[in-house]
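# A structural walkthrough
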Amino acid sequence: GQQLNQSPQSMFIQEGEDVSMNCTSSSIFNTWLWYKQDPGEGPVLLIALYKAGELTSNGRLTAQFGITRKDSFLNISASIPSDVGIYFCAGPNNAGNMLTFGGGTRLMVKP
Amino acid sequence: DAGVIQSPRHEVTEMGQEVTLRCKPISGHNSLFWYRQTMMRGLELLIYFNNNVPIDDSGMPEDRFSAKMPNASFSTLKIQPSEPRDSAVYFCASSFWDNSYEQYFGPGTRLTVT
């Protein structure tokens, strides 16, 4: 089946630093989504991307839909302690009606 | 607006007991998804419903697992009998059918089977 690989698996950064993480697949995706999961909570949708090459921002977050349609990137600028959590990429399966999730990138921010 | 509501938030039970997890989707959403999250396997889709009808249950691990959606505002996931390896966080999510990629998750039920 389709798999999404996220890297890095974890990051420990200083407050104020920029963060970059990515998600890759061996197959093409027509939609990419980025979710964030706070400790003890369910994932929350951050950004949805629907077009190859698309660059979308949500506050300090920016995500891009790779031109090859096999990857996507999420950047966080000027990180703050509340950015702590697990960031998941997700994409629809071949049938287009279920989501496959990556393994997540765990972000830790040192004040 | 109320988000997806799940109950209980925590459940501790002994092996062999029946466990029922509950979910109330966001009003107006017509797709509902049950996920399981573990450290080893990450987020896995168990089953999803459209308009209260189960569409794909290929992710349900065994016959011990069953899910129902008797109406648009309520769904249950039942495990009978429960086993220690069922310990995980179970999430319910809902969405509109024509935009099922943008799913809204509940806070989850943390299940511990001893």
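Below, the structure is looked at part by part. These numbers come from a predicted model, not from an experiment. (Residues numbered from 1 in each chain as written. Chains lettered and ligands numbered in written order. Predicted model: local features only at pLDDT ≥ 70, side-chain atom pairs only at ≥ 80, totals over all residues. Heavy atoms only, no water.)

## Quick notes on the environment of Lys 110 of chain A
All names here are of chain A. Along the chain, Lys 110 falls in strand S11 (residues 105–110). Residues Lys 110 and Ile 13 lie 97 residues apart in sequence; the distance between their C-alpha atoms is 6.0 Å. Setting aside residues up to four positions removed in sequence, Lys 110 forms contacts with Phe 12, Ile 13, Gln 14 and Glu 15. (Helix = DSSP H or I, 4+ residues; strand = E, 2+ residues; numbered from the N terminus. Contact = heavy atoms within 4.5 Å.)

## Observations concerning the sheet that holds strand S7 (residues 61–65) of chain A
All names here are of chain A. Read across the sheet, 5 strands follow the order S1-S3-S8-S7-S6 without closing on themselves; strand pairing throughout is antiparallel. Edge strands, defined here as strands with exactly one partner in the open sheet, are strand S1 (4–7) and strand S6 (55–58). Looking at each pair of strands side by side, their axes are set apart by 15° on average, direction ignored. In this sheet, strand S8 (residues 71–76) lies alongside S7 in antiparallel orientation, the contact comprising 5 bridges. (Pairing = 2+ DSSP bridges. Axes fitted to C-alpha atoms, helices over the stretch in contact; angles between N-to-C directions.)

## Observations concerning the side chain of Ser 94 of chain B
Residues and elements named next belong to chain B. Within the secondary structure, Ser 94 is located in strand S9 (residues 88–95). Side chain to side chain, Ser 94 and His 29 meet in a polar contact 2.7 Å long. What Ser 94 contacts, discounting residues up to four positions off in sequence, is Val 4, Pro 25, Ile 26, His 29, Ser 31, Leu 32, Phe 33, Glu 102, Gln 103 and Tyr 104. (Polar contact = N/O pair within 3.5 Å; in protein donor to acceptor, adjacent residues only side chain to side chain.)

## Looking at unusual backbone geometry
Going from Ser 7 of chain A to Pro 8 of chain A, the amide bond is cis rather than trans, its omega being -5°. Within the fold, Pro 8 of chain A resides in the loop between S1 and strand S2 (10–14). Following Gln 80 of chain B, the chain continues to Pro 81 of chain B via a peptide bond in cis, the omega torsion being -5°. Structurally, Pro 81 of chain B can be placed in the loop between strand S8 (74–79) and S9. With a phi close to 50°, Ala 78 of chain A is a non-glycine residue in the positive phi region. Counting through the fold element by element, Ala 78 of chain A comes out in the loop between S8 and strand S9 (85–92).

## Quick notes on the state of the cysteines
Residue and element names in this part refer to chain B. Going through the model one piece at a time under the given rule, you end up with 2 disulfides over all chains. Disulfide pairing places Cys 23 opposite Cys 92 at an S-S distance of 1.9 Å. Where Cys 23 bonds to Cys 92 through sulfur, the torsion about that S-S bond is close to -65°, and the disulfide is left-handed. With a gap of 69 residues between them, Cys 23 in strand S3 (residues 19–24) and Cys 92 in strand S9 connect regions that are remote in the sequence. With respect to class, Cys 23 is no different from Cys 92; both count as buried. (Disulfide = S-S within 2.5 Å. Buried < 20%, exposed > 50% of the residue type's maximum accessible area, 1.4 Å probe, protein only.)

Note that all results are geometric; they support no functional claim without further evidence.
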